[in-house]
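# Descriptive analysis of the structure
Chain residues, written in single-letter form:
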Amino acid sequence: MIGVARSVLAVARAVLALALLAVFYALVAAMVLLWGAFLAAALWTAGEPGVQSPPTSVVTACAAFAPIVFGMVWAVVRTARPAAPRGDAVTVTRRGAPELWRTVEELALGVGTRPPAQIRLTAEVNASVTEDAPLLGLAPGRRVLYLGLPLLVGLPPAELCAVLAHELGHFSRRHSRFGAVAHRGAAGLVAARQAIQDASAANDLVRLYAGGPLLLLGLYSRVFRWLTRPVRRRQELEADREAARVAGPGAVADALCSTEALAAAWQEFLADFLAPMRRATGRIPDDPFRAFAHMVEAPEIREPMAALRARAAERPAGPDDAHPALATRLERLARLPAREARESGTEPRLPDPVPVPPRYAVELGRVLLSGPDAGTRVPWRDWLTELAEHRATRTLTPLAEAVRTVEEAEGTGRRRAEPDAEPETAKPGAKRDAEQGAKPQTEPQTEPQTEPDALTIQRVLRLLDGGRRMPLARALNSRLPHTEQTERDPLRPLADALAVLIGAQLVARGTAYWAMDWTGPSILVPPDGIAPETIHAWADTAVRLPGQTQRLGLHLAALGVDERAPLPTGPAPGEKARRISIAPGVTGPARRRITAVRALAFTVLVGMTGLTLALWANRDEPSYPGTPVTRWHNPYQPGGGTGTGTAPAPAPFPTYGFPTTPGWPTPPAYRLPSPSLPSIDIKPLLPRPTR
């Protein structure tokens, strides 16, 4: 009975999806018919008699709507056929990763469904399943499992099994019947909107008329998502229950929180580590996923990752998200009994992480970081070493600029022509240089060949000896990000930069190295017998206390560090780092789409313009009624008058007379009646005649 109810529910969902998809098809058909009606009306109007000019406005509108209509038709064609394999994924064969395939097949058996026919790795922190089912998803088809490689290298085995069981649970609940059609409908709407946006971006004429179709598709997309969102969210909860039955509710809950944390960590890795290193040095790891796994496993990352897991449940579900809010999913999983995890007796057996050959990660890394400006690929361990050094020494460029600024302001810059000339006594730090020059030398020493603006320890110590620590600190702080700690202790960044400069000299000599710290600057690992914080203490004392630079010089001499030696690869103030653009350019398919849109709009515009002009030029002229009259009597014209000659009178020629209209009747004249005034007899008032 339960199976029959599930089948009826699945059919009902499929019917709903089919109805929504049919409405989308009808919408596109209405757009095509409307465009065809405007096209026919333009051609018919151009051939009508009495048209003074061709309908250029209608022709322009039809030409502008042509790419829009064809883009929507192409979107319908794409949704009507099975989706093509993703180009940003790498297929994993059974021979290449047998342990992964065995795990997936065991989990498929546990949830009661057939395993996928193909497993493909992606660079996303996500997992999904698709089924290229015929008849719009109503019949079984080829199943594909997409698995994000960051999940594979960042999740514990139990949580990875929970993620896989969740995705396979969609197959066991027959969600693909609704999901395939709903996905195709959503993909068709997205493809139609993208086609219109591409057409409007490629042609200014199309942009004038693209607002209406975009608004119409946007409204329908909202209605489509509003109708399908409750069903898809209910499917996610059902898949969680299937995964909990196989892997356990606790493992599923942990996997959901860990996935959210890994997604945030992966974005931070790309934005804060991979992209800056790529722009600054032009070097990228051959396997970025192993470098990401190294970051996730670092001890200093455990606390931030735990905080991300704890805050994951606070994020609400978006209005367009097909997944319910994480808090809702965790609450539903907490209601399930723990014994349900061993109900089927198919508890996953993965004591160790699932091994994946490195060649798949390297191949996927080439897909992730592709293009002519991708950069130079180096082994990922060497890349981590270079990343640690880059993060540690990035403050040396601001320090070199600050040193040069203070020297130029004080007029104590190094002389370019004589970099090793005898220092004058009036210059700050002359006493220190004189004392160093007075030391007995048992053997000739070769002075290091330095550039005039090369940053050295000696230049920094010379400014400190001259009492210029505060101007140097202010110049350095102005080139660093502003923090509250800098306001409280302005000398702290200068001490840190001096310690980094000393550490860079030790690393250049091969007696120390930089250890990667994913939460802050890299840590210097000094030679044996010296604590990591000792060198920083030396630099801090030399910066804060006057007269302590001599003691720092003795410590550096004991370590074999030459104060006047520049860094072999040290940054110069005027040197520009190598820049590599990682902005997405116009790809080949995008360029072809732009060319097709322009060609289509131009073809329709030229073709319709030619047809309308031809129809307008060959239209029938209207005839007007006329009355033939004879030539009027004009004695001044040849042949006129009443001549009596024998020459025949000229023949009358036709002319056109203006139509006459009957005269308007004369309106009757109306007069106002005169007002009646009382009669006055004035005879008594007249004087009588006298006799």
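Residues numbered from 1 in each chain as written. Predicted model: local features only at pLDDT ≥ 70, side-chain atom pairs only at ≥ 80, totals over all residues. Heavy atoms only, no water.

### Remarks on the overall build of the protein
Note the threshold: Helix and strand assignments follow DSSP, with helices taken as H or I runs no shorter than four residues and strands as E runs no shorter than two, numbered in order from the N terminus. Each residue is placed in one exposure class: buried if its accessible area under a 1.4 Å probe, protein chains only, is under 20% of its type's maximum, exposed if it is over 50%, and partly exposed if it falls in between. A contact between two residues is defined here by any heavy atoms of the two lying within 4.5 Å. Each accessible area is a Shrake-Rupley estimate made with a 1.4 Å probe; only the visible protein chains count as cover when residues are assessed.
If you tally the helices and strands in the protein, you get 24 helices and eight strands. Burial status across the protein gives 40% buried among its 691 residues. A fraction of 79% describes how many contacts in the protein between residues 6 or more apart in sequence connect residues 24 or more apart. For the protein, the computed accessible surface area is about 39600 Å², with 59% contributed by carbon and sulfur atoms.

### Concerning the packing of helix H10 (residues 249-281) against helix H13 (residues 326-335)
Quick reminder of the rule: Note on method: axes are straight lines fitted to C-alpha atoms, helices fitted across the in-contact stretch only, with angles between N-to-C directions ranging 0 to 180 degrees. Each angle gets one of four labels, with under 35 degrees taken as roughly parallel, over 145 as roughly antiparallel, 65 to 115 as roughly perpendicular, and the rest as oblique. Each crossing is labelled by how the near helix is turned from the far one, with a counterclockwise turn of less than a right angle marking it left-handed and a clockwise turn marking it right-handed. Here the term charged refers only to Asp, Glu, Lys and Arg, the term nonpolar to Ala, Val, Leu, Ile, Met, Phe, Trp, Tyr, Cys and Pro, and the term polar to all other amino acids, Gly among them.
Where H10 meets H13, the closest approach of the two axes is 9 Å, and the angle between their N-to-C directions is 165°. Put simply, H10 runs roughly antiparallel to H13. For the pair H10 and H13, the crossing hand works out as left-handed. Side by side, H10 and H13 meet where Pro249, Val252, Ala253, Leu256, Cys257 and Glu260 of the first sit next to Leu326, Arg329, Leu330 and Leu333 of the second. Split into classes, the residues belonging to the contact of H10 with H13 amount to eight nonpolar, no polar and two charged.

### Regarding helix H3 (residues 98-111)
Operational definition: A helix is expected to span 1.5 Å multiplied by its residue count minus one.
With 14 residues, H3 extends 20 Å from end C-alpha to end C-alpha; this agrees with the ideal 20 Å at 1.5 Å per step. Those residues of H3 that are buried lie in contact with strand E1 (90-92), strand E2 (118-122), strand E4 (142-148), helix H5 (149-154), helix H6 (157-172) and helix H9 (211-247). Of the residues trailing H3, glycine 112 is marked for its positive phi of about 80°.

### What about the confidence of the model for the protein?
Spelled out, the test is: Across the chain, each position has a pLDDT score giving the predictor's confidence in that residue, from 0 to 100.
Scored by pLDDT, the protein has a mean of 76; 66% of the residues are at 70 or more. In the predicted structure, residues 414-431 sits below a pLDDT of 50 and forms 22 contacts with residues beyond four places in sequence or in another chain. Every residue in residues 433-450 scores below 50 in pLDDT, and together they form 14 contacts with partners more than four places removed in sequence or on other chains.

### Quick notes on the packing of aromatic side chains
Geometry of an aromatic ring pair is reported as the spacing of the ring centres plus the angle between the planes. Heads up, the condition is: A pair of aromatic rings is counted whenever rings of Phe, Tyr or Trp (Trp by its six-membered ring) have centres within 6.5 Å, and the orientation is called stacked for planes under 30 degrees apart, edge-to-face for over 60 and tilted otherwise. When the NZ atom of lysine or the CZ atom of arginine is within 6 Å of a ring's centre and also within 35 degrees of its normal, the charge is said to sit over that ring.
Tallied over the full model, the rule gives eight aromatic pairs. Ring centres of tryptophan 266 and phenylalanine 269 lie 5.8 Å apart, and the angle between their planes is 25°; on these two criteria the pair is classed as stacked. Here phenylalanine 269 and tryptophan 266 lie together in helix H10, a separation of three residues that amounts to about one turn. Residue classification places tryptophan 266 among the buried residues on the basis of a relative accessible area of 2%. Three or more aromatic residues joined by ring pairs make a cluster, and in this case those are Trp266, Phe269, Phe273, Phe289, Phe292, Trp383 and Trp518. If you follow arginine 94 out to its NZ or CZ, it ends over the ring of tryptophan 101, 4.2 Å from the centre.

### Considering the pairing of E4
Consecutive side chains along a regular strand alternate between the two faces of the sheet. Using the following cut-off: At least two DSSP bridges between two strands are required for those strands to pair.
Most of E4 sits inside the fold, with six of its seven residues counted as buried. Bridging between E2 and E4 involves five bridges; their strand directions are parallel. Opposite isoleucine 119, over in E4, you have leucine 145 as the bridge partner. Examined bridge by bridge, strand E3 (residues 127-132) and E4 share six bridges and lie antiparallel to one another. Counterpart to glutamate 131 in the pairing with E4 is arginine 143.

### Points about the pattern of salt bridges
Note the following rule: By salt bridge we mean one thing: a side-chain nitrogen of Lys or Arg within 4 Å of a carboxyl oxygen of Asp or Glu.
Throughout the structure, instances matching the rule amount to 15 salt bridges. A salt bridge links arginine 94 to glutamate 105; the shortest N-O distance between them is 2.3 Å. Of this pair, arginine 94 sits in the loop between E1 and H3 while glutamate 105 sits in helix H3, and the two are 11 residues apart along the sequence. Across the pair glutamate 401 and arginine 479 runs a salt bridge whose closest N-O atoms are separated by 3.3 Å.

### Observations concerning the environment of serine 370
By secondary structure assignment, the location of serine 370 is in the loop between helix H14 (358-368) and strand E6 (376-378). When its relative accessible area of 49% is taken as the criterion, serine 370 is described as partly exposed. What serine 370 contacts, discounting residues up to four positions off in sequence, is Arg278 and Arg377.

### A word on the nonpolar core
Here is the rule we go by: Residues grouped as a nonpolar core are buried Ala, Val, Leu, Ile, Met, Phe, Trp, Tyr and Cys residues, joined through side-chain atoms within 4.5 Å.
Counting residues in each nonpolar core, the largest one holds 117 residues, and the members touching the most others are Leu121, Phe269, Trp383, Leu399, Leu498 and Trp518. It is H10 that contributes the most residues to this core, 14 residues altogether. If we ignore the near neighbours within four places in the chain, the residues touching leucine 498 are Val460, Leu461, Leu464, Ala539, Val543 and Leu552. Counting 20 residues, the second-largest nonpolar core is a separate cluster that includes Phe24, Val28, Ala191 and Tyr220.

### Points about the packing of helix H11 (residues 288-296) against helix H15 (residues 380-393)
The N-to-C vectors of H11 and H15 enclose an angle of 55°; their axes lie 9 Å apart at closest approach. The orientation of H11 with respect to H15, classified from their angle, is oblique. At the point where H11 passes H15, the crossing takes the right-handed sense. Side by side, H11 and H15 meet where Arg290, Ala291 and His294 of the first sit next to Trp380, Trp383 and Leu384 of the second. When the residues that make up the contact of H11 with H15 are grouped by side-chain class, the tally is four nonpolar, one polar and one charged.

### Some remarks on the environment of valine 32
As for its position among the elements, valine 32 is in helix H1 (residues 2-46). Put simply, valine 32 and isoleucine 68 are 36 residues apart on the chain and 9.7 Å apart in space, counted from C-alpha to C-alpha. Ignoring anything within four residues of it in the chain, the contact list for valine 32 reads Val69 and Val73.

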